[in-house]
Amino acid sequence: MSAIDNLPPLREVIATHQLSARKSLGQNFLLDLNLTAKIARQAGDLTGCDVLEVGPGPGGLTRGLLSEGARRVLAIEKDQRCLPALEEIAAAYPGQLQVINGDALEVDPLAHLTPPIRVAANLPYNVGTELLVRWLTPKEWPPFWQSLTLMFQREVAERIVAKPGSKAYGRLALLAQWRAEARIAVSLPPEAFTPPPKVSSAVVHLTALPEPRFPADAAILSRIVAAAFNQRRKMLRASLKGISPQIEDHLNAAGIPPTERAEQVSLEGFCALARSLAQSS
């Protein structure tokens, strides 16, 4: 018996279904069910909530979410080899787990989930940041989700919660902190995973704010911060010259010296710049 339910231990599940982690899919499996339940608890009170999980693999976090009382879990898994293991979990939790074999970048979760919705996932490393940016930058706000509880490489997690002036400060920090409260909730060493990755990992918890901290168009802000931090060592008037021929005027209108570098500019400053550019378009 495992620690959180009557299903077999994950090592046994992996052996039974021959689920060796595939590097090409960004897979690293968490096998300690007490740890996956701890991560599930970071998502908050799941009773009465639907949960979106991306990349469940053999289902360790899936079992944690269900054992912690999630109303329903939608698990999107690209690797067909994992489906039999996930179906065994679905049978143990009748009507509470739906498994979709597909690419999370292509599946519309709202077609399968009912609000309130939380997202919890040990994200595959190769799509994690792209999914996060998508979830943070919908045209309309509030988003479909109440919170995101996501596993990343420690370096990525630190970039999400970074402050201006730090080396980690950049696009992810700005987009995350513009519309959400972000914090690192759990840190995990490489040996917590099978196979152990070369780096440490961390769980980041983001809670959606009712309104963005400062008004700005999501698409314009995303474009600005991507360009600014793609050439972060350059002055903004140089790194952003492709955004607008009058970029110096817009920087001045936003109260940002054109000779500043991206890591010196606050979230409020970037939002003011986005508004200035929006008014001229």
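Conventions used here
Residues numbered from 1 in each chain as written. Predicted model: local features only at pLDDT ≥ 70, side-chain atom pairs only at ≥ 80, totals over all residues. Heavy atoms only, no water. Helix = DSSP H or I, 4+ residues; strand = E, 2+ residues; numbered from the N terminus. Rg over C-alpha atoms; globule rule 2.2 N^0.38 Å. Buried < 20%, exposed > 50% of the residue type's maximum accessible area, 1.4 Å probe, protein only. Areas by Shrake-Rupley, 256 points an atom, 1.4 Å probe, with all protein chains shown as cover. Lys, Arg positive; Asp, Glu negative; His and termini not counted. Charge placed at Lys NZ, Arg CZ, Asp CG, Glu CD. Phe/Tyr/Trp six-rings, centres within 6.5 Å; stacked < 30°, edge-to-face > 60°. Salt bridge = Lys/Arg side-chain N within 4 Å of Asp/Glu carboxyl O. Axes fitted to C-alpha atoms, helices over the stretch in contact; angles between N-to-C directions. Parallel < 35°, antiparallel > 145°, perpendicular 65-115°, else oblique. Contact = heavy atoms within 4.5 Å. Nonpolar A, V, L, I, M, F, W, Y, C, P; charged D, E, K, R; others polar.

A. Fine view of the overall build of the chain. Each helix and strand in the chain was counted, giving 11 helices and nine strands. In terms of C-alpha radius of gyration, the chain reaches 20 Å, essentially the compact-globule figure of 19 Å for 281 residues. Counting all 281 residues of the chain, 52% fall into the buried class. Accessible surface for the chain amounts to roughly 12,800 Å². Of this, 49% is attributable to carbon and sulfur atoms. The chain carries 30 positive and 27 negative side-chain charges, and their two centres are separated by 7 Å.

B. Representation of the packing of aromatic side chains. Within the structure shown, the criterion is met by three aromatic pairs. Between W141 and W145, the aromatic rings sit 5.7 Å apart at their centres with planes inclined by 85°, giving edge-to-face as the arrangement. On the basis of relative accessibility, which here comes to 13%, the residue W141 falls in the buried class. Take W145: its relative accessible area is 2%, and that puts it in the buried class. Ring plane angle 85° and centroid distance 5.8 Å describe the contact between Y169 and F229, whose orientation is recorded as edge-to-face. In this pair, Y169 sits in the loop between α6 (154–160) and α7 (171–179) while F229 sits in helix α8 (residues 218–230), placing the two residues 60 residues apart along the sequence.

C. Structural detail: the pattern of salt bridges. Under the defined criterion, the tally for this structure stands at nine salt bridges. The partner of D103 in a salt bridge is K78, and the shortest N-O contact between them spans 3.8 Å. Note that D103 is positioned in the loop between β4 (97–101) and β5 (117–122) and K78 in the loop between β3 (72–77) and α4 (83–92), a separation of 25 residues in sequence. Classification of K78 by relative accessible area gives exposed; the value is 52%. If you follow the salt bridges from partner to partner, you end up with D50, R71 and R72 in one network.

D. Spatial organisation of the packing of α7 against helix α11 (residues 267–280). With their axes 10 Å apart at the nearest point, α7 and α11 run at an angle of 85° to one another. Judged by the angle between their axes, α7 and α11 are roughly perpendicular. Contact residues: α7 offers L174, Q177 and W178, while α11 offers L267, F270 and C271. Its residues placed into classes, the contact of α7 with α11 shows five nonpolar, one polar and no charged.

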